[in-house]
Amino acid sequence: MASLWKRLRDGLARTKVQLSTEIDFLLKGQALTPQVMENLEESLIRADVGVEATQRILDALEEGQYRGSGSNRALMAMHGAVRDILTPGDHALKWADSGPTVTLVIGVNGVGKTTTIGKLAAKAGRDGKRVVIGAADTFRAAADDQLAIWADRAKAEIVRHQKGADAAAVAYAAVERGMTNGADLVLIDTAGRLHTKKNLMEELRKIKRVVAKHDPAFPHEILLVLDATTGQNALQQAKVFNEALQITGIALTKLDSTARGGIVLAVAQELGVPVKLIGVGEALDDLQEFDPDAFADALLGVER
Ligand code: GDP
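As the structure is a prediction and not an experimental result, all values here were calculated from the model.

Observations concerning the overall build of the protein chain
Along the backbone of the protein chain there are 13 helices and eight strands. Here the protein chain has a C-alpha radius of gyration of 21 Å; the compact-globule value for 304 residues is 19 Å, and the two agree. Counting only residues that meet the buried cut, the protein chain has 54% of its 304 residues in that class. Partitioning the intrachain contacts of the protein chain with sequence separation of at least 6 by distance along the chain shows that 77% fall at a separation of at least 24. Working note: accessible area of the protein chain is about 13300 Å², and carbon and sulfur atoms make up 49% of it. Computed over 37 positive and 40 negative side-chain charges, the inter-centroid distance for the protein chain is 4 Å.

Laid out in C-alpha cells, this is it:
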C-alpha cells in the first residue's frame, strides 16, 4: 500500500504542475524580477489560492527581499507563508471525553458526503471504535442505499427510517442508539438539497437542536464537506452553511481531480474554520487528516 505521504503528493500533483514553472524558477535561485512575480501571482490565482492568500505569499517574498536577488531560500519563504496560512485552528477531529462523539456531516449533493462518511466510519472501525451511522438524508431516494453499502463495508450499524421521514427524528434515534449500545462515534448524514435553501438550513438547524436534547454537548462536530473542484463556489457554500450552523471543520474532497488545490489556502485564509480532512482520491486511505506541514511540502514539491 502506498504511504500516506505518497498518496498526498500524488493527489496534489495536478495543482503542483500548475505552479511548477514558478517553483522551478525559485528552486534554481533565479532573480525574482517583476515579471516572475507577476507570473507567480497569476499561477497562484489560477490554482484558486484566492486574492488574500496570494498577497500574503507575495508579501513574504517581498519582505525577505528575495525579489531582486533570487535564491532558493525564496522557495522556503514561500513554503513558510503557505504553512502560516494553513496552520491556525485545531485540525484534529474532535472526540468526546466519554460517551459517543456525535458528528453532523453536511454539504450539498455531489460533494462526496456519503463517501466521506463511509471512509470515516471505516477508519474508526479499523481503530477499534464502534460506529453508528444515522441516515438523516430522507429526501434523496438513493442516499440510504449508498450509505447502507458503506456501513456494511465499515461494519457500522445504520439507523434509517422510511423515505420522507422526519430527518431530525432519524438523527435523534441514531444518537439514542449510539448511547445505548456504547458507540464511540455517531455519524449523521444529512440532506444536501431540499425544495429550497431556506428549508435545508432550517432542517439542519432542527437536527442540531434535536440531537442536543440528548446532551447539550451534542453535536461535537459539524463537518462541512466541500468539493475542491468547484473553486470559489465551494467558498460561497461554506459561507452560507457557516452562517446558518457555525461549522467546526471542513472536509475538502477531490483534490486529486483538480489543478486548483490552492482552494485549501483560500478556505483557510478566508473562512476561519479549520480544514480537518482532505480527499485525495477514491480509495479508503485517500481521506486524510489534514496536516498543514505535509500539505505545504506536497504542494511545493519539498521532499520529506
Ligand atoms: P454526495 O452526493 O455528497 O453524497 O457524494 P458522493 O459521496 O456520492 O460522491 C460523489 C462522487 O465523488 C463519487 O463518485 C465519489 O467516488 C467521488 N469522490 C468523493 N471523494 C473523492 C475524492 O477525494 N477524490 C475523487 N477523485 N473522487 C471523490
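Focus on the packing of aromatic side chains
With the rule as written, the count across this model stands at one aromatic pair. For the cation-ring pair, Arg153 lies above Trp150, with the distance from its terminal atom to the ring centre recorded as 4.5 Å.

What about the site of the ligand?
Close to the ligand lie 17 residues, the nearest being Gly110, Lys113, Thr114, Thr115 and Glu282. Taking Gly110, its main chain carries an N or O atom lying 2.6 Å from an oxygen atom of the ligand. A distance of 3.2 Å separates an oxygen atom of the ligand from a polar atom in the backbone of Val111. Starting from 580 Å² of accessible surface for the ligand in isolation, the protein chains cover 77%. Per-element accounting of the shell around the ligand gives the leading share, three residues, to helix 7 (residues 113-126).

Description of the nonpolar core
If you look at the biggest cluster of nonpolar residues, it comprises 83 residues, and the most contacted ones within it are Ile57, Ile188, Leu265, Ile278 and Phe295. The element contributing the most residues to this core is helix 6 (residues 73-86), with eight residues. Not counting chain neighbours up to four residues away, the residues in contact with Ile278 comprise Leu8, Leu252, Leu255, Asp286, Leu287, Gln288, Phe290 and Phe295. Of all hydrophobic cores here, the second largest spans 22 residues; its members include Ala122, Ile133, Ala156 and Leu187.

Rules used throughout
Residues numbered from 1 in each chain as written. Predicted model: local features only at pLDDT ≥ 70, side-chain atom pairs only at ≥ 80, totals over all residues. Heavy atoms only, no water. Helix = DSSP H or I, 4+ residues; strand = E, 2+ residues; numbered from the N terminus. Rg over C-alpha atoms; globule rule 2.2 N^0.38 Å. Buried < 20%, exposed > 50% of the residue type's maximum accessible area, 1.4 Å probe, protein only. Contact = heavy atoms within 4.5 Å. Areas by Shrake-Rupley, 256 points an atom, 1.4 Å probe, with all protein chains shown as cover. Lys, Arg positive; Asp, Glu negative; His and termini not counted. Charge placed at Lys NZ, Arg CZ, Asp CG, Glu CD. Phe/Tyr/Trp six-rings, centres within 6.5 Å; stacked < 30°, edge-to-face > 60°. Lys NZ or Arg CZ within 6 Å of the ring centre and 35° of its normal. Near = heavy atom within 4 Å. Polar contact = N/O pair within 3.5 Å; in protein donor to acceptor, adjacent residues only side chain to side chain. Core = buried A, V, L, I, M, F, W, Y, C linked by side-chain atoms within 4.5 Å.

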